[in-house]
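One letter stands for each residue in the lines below.
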Amino acid sequence: MPAQPLLTDFPAFAHLQTKAQSLQKGSISALIDDDTQRTLNYVRTAAGLRVDFSKYLLDDATLALLLQLAKQADIQRSIAALFGGDCVNTTENRPALHTLLRADADDGMAEQFTQVSATRASMQTLADTIHHGKHQGFTGKAITDVVNIGIGGSDLGPRLATQALAPYHGSVRCHYVANVDPADISMTLAGLDAQTTLFIICSKSFRTEETLANGLTARQWLLDHGASHGDLQQHFLAVTTNLEAAAEFGIASANCLPMWDWVGGRYSVWSAVGLSTAIAIGWDRFSEFLQGARHMDLHFRTAAHEQNVPLILSLLELWSCNLLGATNHVVLPYDQSLNELPDYLQQLTMESNGKSVNLDGITLPYHTAPVLWGSAGTIGQHSFHQLLHQGTLQCPADFILPLTSHTDNAEQHRRLVANCLAQSRTLMVGRTLEQATATLTARGADMQSAQTLAPHLVMSGNRSNTVVTMEKLTPSTLGALLAMYEHKTYCSAQLWGINPFDQWGVEVGKDIGVAVYARLQGDDESPIDPSTDALIAQWREANR
Ligand code: F6P
């Protein structure tokens, strides 16, 4: 097996380093002012999305070099390997077939598709039955509330999709419990009626501590509120690869929907993990969600590199992180219903690409995934945008903007849109010392005072950002948006030479958690380390 090439080995990379030095002396504003075609040439469209990256600090020559880099890295082979079912998850020797979850029958992978198709049929039956109030609890009343118990990929995807698609909800309310902190499930169950509440235990492994603990609490809650053990079957569904463990918990196989090892948790919202979303919005709308993602898949699989939206976004990430020194990536959805999007993308990007060795196990001499964070606009403007405008860190930003609102309050939505476009422009233009001084004198300051204060008002500008727009946030455009980020994540991993589908870094914390829990339980007194031992002693004192 030939050694995995390093990003820095590709010939284009050295040329990009030279370009970075020259471009950093210029400005995005100048690039836009000097090229009347830029706002056309630096926009790409796919699957109902429009991505404007004209406010990125790069020029035609740089974009061409980035595309050369993709070609030198043979990204097309990687794309074919993903859709072809190759073992792209190299350390676990598995394919990654999340695209199959939203595929049509003629999209290939017939054997696995048969399983997907059968599960979709089961999802449709369950979702429609519950969505239309035909699933009854132990007293014969229709289910009114569904509680998804899961964490990570078994929570973030359905939680986001259900919240984002609130305008499409039916009458059944969906809730999400993830944290092992008992306050999470306690707050969720407060006010729910056990007679009409259905739980979905969502866990690929059915071994996740938080999910099992919350599942036991949910079961006890039902028993404490009148259900018999025999009644529990009517109030539990499971989504898992581990049918044995689900049976041990007391969920019959007839109430289990399968997941598969060839779908990673953070790529699984399209599977039965999305059951709660399908219940909330109904199967037809969930199908639109799948189709939107499939539309993006077809684009990703077939578009020429220079038109390929996920690839372009990945190349912009490499340009920002590996050439311009950015270590952050901020996502700013200007739509309150997308408030969970940064949390979802944190797992997708940082659990996928927060890696430091390449496929050969060689420690990398360059950065991989940036820290992704963000929150809905305009909230962030009154929280962290100060850092985005005047901080010392480069934080390339993705603005996500549905152009029309689901509400009838056009006046306020216009304000939202104005703020989004203004923030994108402000990151580009900033404020010069001269402008700052003029602002202060215009406010009545004398020249000396103005010149003293002006440096504090200067904003460098030149802060790269994209604006991703869609006509409306619908199941289809949401599906396309999430698939776009999945494929961007995959492309970045291929260019960095890392495996985006494993997560070996989460095991040690879990193992040490078991040891600390044993100490807290009093089952084991063996010392761990002076700090942890002192903290355990402090906990014991507080809980005497
Ligand atoms: O964070 C580790 C992880 O394995 C994630 O990859 C996964 O989405 C989450 O825990 C939950 O795992 P499970 O679905 O097996 O409960």
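By convention here, each chain's residues receive numbers from 1 onward along its written sequence. A pLDDT threshold of at least 70 governs which residues receive local features in this predicted model, and a stricter bar of 80 or more applies before side-chain atom pairs are shown or counted, although totals over entire chains, interfaces and linings include all residues. Hydrogens and water are ignored here; the side-chain numbers use all heavy atoms of the structure.

1. Regarding the site of the ligand
To be explicit about the condition: When we say a residue is near a molecule or strand, we mean one of its heavy atoms is within 4 Å of it. Each polar contact in these results corresponds to two N or O atoms within 3.5 Å; when the atoms are within protein, one needs to be able to donate a hydrogen and the other to accept it, and residues that are neighboring in sequence are counted only if both atoms are side-chain atoms. In this classification, Asp, Glu, Lys and Arg are treated as charged, Ala, Val, Leu, Ile, Met, Phe, Trp, Tyr, Cys and Pro as nonpolar, and every other residue, Gly included, as polar.
Residues in close proximity to the ligand total 14 residues, the closest being Ser154, Ser203, Ser205, Thr208 and Glu351. Contacts to the ligand include Glu351, whose side-chain N or O atom sits 2.7 Å from an oxygen atom. Residues of the shell around the ligand, tallied by class, amount to two nonpolar, nine polar and three charged.

2. Brief notes about the sheet that holds strand 4 (residues 173-177)
Note the cut-off: We treat two strands as partners when DSSP finds at least two bridges between them. A helix here means a DSSP run of H or I that spans at least four residues, while a strand means a run of E at least two residues long, and both kinds are numbered starting from the N terminus. Helix axes are fitted only over the stretch in contact, all axes being lines through C-alpha atoms; the angle between N-to-C directions runs from 0 to 180 degrees.
Pairing is parallel across the open sheet formed by five strands, whose spatial order is 4-3-5-6-7. Each edge of the open sheet is held by one strand with a lone partner, namely strand 4 and strand 7 (256-258). Averaged over all neighbouring strand pairs, the angle between strand axes comes to 20°, with direction disregarded.

3. What about helix 7 (residues 156-164)?
Condition: A simple rule labels every residue: compare its accessible area, found with a 1.4 Å probe on the protein chains alone, to the largest value its type can have, and call it buried under 20%, exposed over 50%, or partly exposed in between. In this description, contact between two residues means that some pair of their heavy atoms is separated by no more than 4.5 Å.
Most of helix 7 is tucked away: seven of the nine residues are buried. Turning to helix 7, its buried residues are Leu156, Gly157, Pro158, Leu160, Ala161, Thr162 and Ala164. Against the buried residues of helix 7 lie strand 4, helix 11 (275-281), helix 12 (283-302), helix 14 (341-353) and helix 19 (475-496).

4. Structural notes on the environment of Thr211
Looking at where Thr211 falls in the secondary structure, it is placed in helix 9 (residues 209-224). The exposure class of Thr211 is buried, given its relative accessible area of 2%. Sequence-wise, Thr211 and Ala254 are 43 residues apart; in three dimensions their C-alpha atoms are separated by 20 Å. Once residues lying within four places of it in the same chain are set aside, the contact partners of Thr211 are Ile149, Gly150, Ile151, Ile201, Cys202 and Ser203.

5. Examining the packing of helix 20 (residues 507-521) against helix 21 (residues 530-542)
Helix-helix packing is described using two parameters, namely the angle between the two axes and the distance between the axes. For clarity, the cut-off: Small angles under 35 degrees read as roughly parallel and large ones over 145 as roughly antiparallel, with 65 to 115 read as roughly perpendicular and the rest as oblique. Rotating anticlockwise by less than a right angle from the far helix to the near helix defines a left-handed crossing, while the corresponding clockwise rotation defines a right-handed one.
One way to put it is that helix 20 packs onto helix 21 with a least axis distance of 10 Å and a crossing angle of 40°. The orientation of helix 20 relative to helix 21 falls into the category oblique. The way helix 20 lies across helix 21 gives a crossing that is right-handed. Facing Val516, Arg519 and Leu520 of helix 20, the residues of helix 21 in contact are Thr532, Asp533, Ile536, Trp539 and Arg540. Of the residues that constitute the contact of helix 20 with helix 21, the class distribution is four nonpolar, one polar and three charged.

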